[in-house]
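Notes for the structure review
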Amino acid sequence: MTAAVPAGMYLALAAALFTVGAVGVLVRRNLIVMFMCIELMLNSVNLTLVTFSRIHGNVDGQVLSFFTIVVAAAEVTVGLALIVNLFRLKASSDADDVDALRY
Amino acid sequence: MAEFIVFWIMAVVALGAAISMVLMRNAVHAALMLVINFFAIAVLFAVLEAQFLAIVQVIVYAGAVVVLFLFVLMLLGVSRTQTFSDRIRGQGVAAVTVGVILLVALVPAIAGPYLGADAVCPAAADAAQASGSLCAGLAAVNAQEGGNVAAVGRVLFTDYVLPFEITSVLLVIAALGALVLGRRHEDPADLVDQLQTVEDVEAEEARA
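**Brief notes about helix α1 (residues 2-23) of chain B**
The terminal C-alpha atoms of α1(B), which comprises 22 residues, lie 32 Å apart, in line with the 32 Å expected from a rise of 1.5 Å per residue. Those residues of α1(B) that sit buried are B:Ala14, B:Ala17, B:Ala18, B:Met21 and B:Val22. Relative to the axis of α1(B), the buried residues are bounded by an arc of 130° and lie together on one face. What points out from α1(B), more than 90 degrees from its buried face, is the exposed set B:Ile5, B:Ile9 and B:Val12. Contact partners of the buried residues in α1(B): α1 (7-27) and α2 (31-56) of chain A together with α2 (27-47) of chain B.

**Some remarks on the packing of helix α3 (residues 60-90) of chain A against helix α7 (residues 148-158) of chain B**
At their nearest, the axes of α3(A) and α7(B) sit 9 Å apart, and the two run at 70° to each other. It follows that α3(A) is roughly perpendicular to α7(B) by the angle criterion. Counting all contacts with α3(A), which are made through A:Asp60, A:Gln62 and A:Val63, the residues of α7(B) involved are B:Val152, B:Val155 and B:Leu156. Residues belonging to the contact of α3(A) with α7(B) are distributed by class as follows: four nonpolar, one polar and one charged.

**Observations regarding the interface of chain A and chain B**
Size of an interface, as often reported, equals the accessible area lost when the parts are brought together. Chain A puts 70 residues into the contact, and the matching count from chain B is 83 residues. Breaking the side of chain A that touches chain B down by element, the ones donating at least two residues are α1, α2 and α3 of chain A. The element that contributes the greatest number of residues to the side of chain A that touches chain B is α3(A), accounting for 23 residues. Residue composition of the side of chain A that touches chain B, by class: 47 nonpolar, 16 polar and seven charged.

Reading the values: the criteria
Residues numbered from 1 in each chain as written. Chains lettered and ligands numbered in written order. Predicted model: local features only at pLDDT ≥ 70, side-chain atom pairs only at ≥ 80, totals over all residues. Helix = DSSP H or I, 4+ residues; strand = E, 2+ residues; numbered from the N terminus. Expected span 1.5 Å × (residues − 1). Buried ≥ 20, exposed ≤ 12 C-beta atoms within 10 Å, placed from the backbone. Arc of directions from axis to C-beta. Contact = placed C-beta atoms within 7 Å. Axes fitted to C-alpha atoms, helices over the stretch in contact; angles between N-to-C directions. Parallel < 35°, antiparallel > 145°, perpendicular 65-115°, else oblique. Nonpolar A, V, L, I, M, F, W, Y, C, P; charged D, E, K, R; others polar.

Written as structure tokens, this is what we have:
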């Protein structure tokens, strides 16, 4: 029985990855690296969905995970365009430099 | 046994890549660590009998998303490395503390009920039912449809066809939004430059 992996181990790994992403968003100040940490969190949730899809024995979780991947791709496109615009505006990609609602 | 070995190797790789991504001072190195993490999770998807998502993960995340990140990093030329000196005192310590609390709350809440021996997923559905396992056997569902891709496709284009169509609209809107945001002319930055030059001229006039 030692050579088997309970489904909970995948969920625990996903929780650990989510935590690393959340701590990364809190610790880092570079906007792009913060964005990468958000991608990490989205991906760990995908792992959770796929694991639950396996536990329950249907593919609905995988379909939901597919939608998450699509939305994340759209989000990356718009988010990176916003970061490029911010960089043009402030010549910096530091989150602390973007603390005003107007320039 | 094979699943055991693959899981533990990929778990260590994924967690190690994620932690080093947060700790990397150079943003380009962080992006490369992110690629390693995405590949490790793609392997885990394949182990979890989600072969379609494993391929999509490699194509979309490791292929498109990270390349986009690297493009922006190269475009902006962010070569300056970030120092970890906090502007808020003790921010790092507080963040790690909050992270540990989050982990301690998340693991029992999500993974707790599935950590026992009855949550081990065997390959076949009848074996799962015979052993009283929590797992219903995704492999059988996949085999019934003739593969994971066919199974996902059938559900996607029957039960979830409306969300799928809305997704295409979302992608078009995102592409258009990125185009509009990325336009050079009528750029706010140009306005700022003009304002600064006007201010500079006024300052010089005042000095003169």
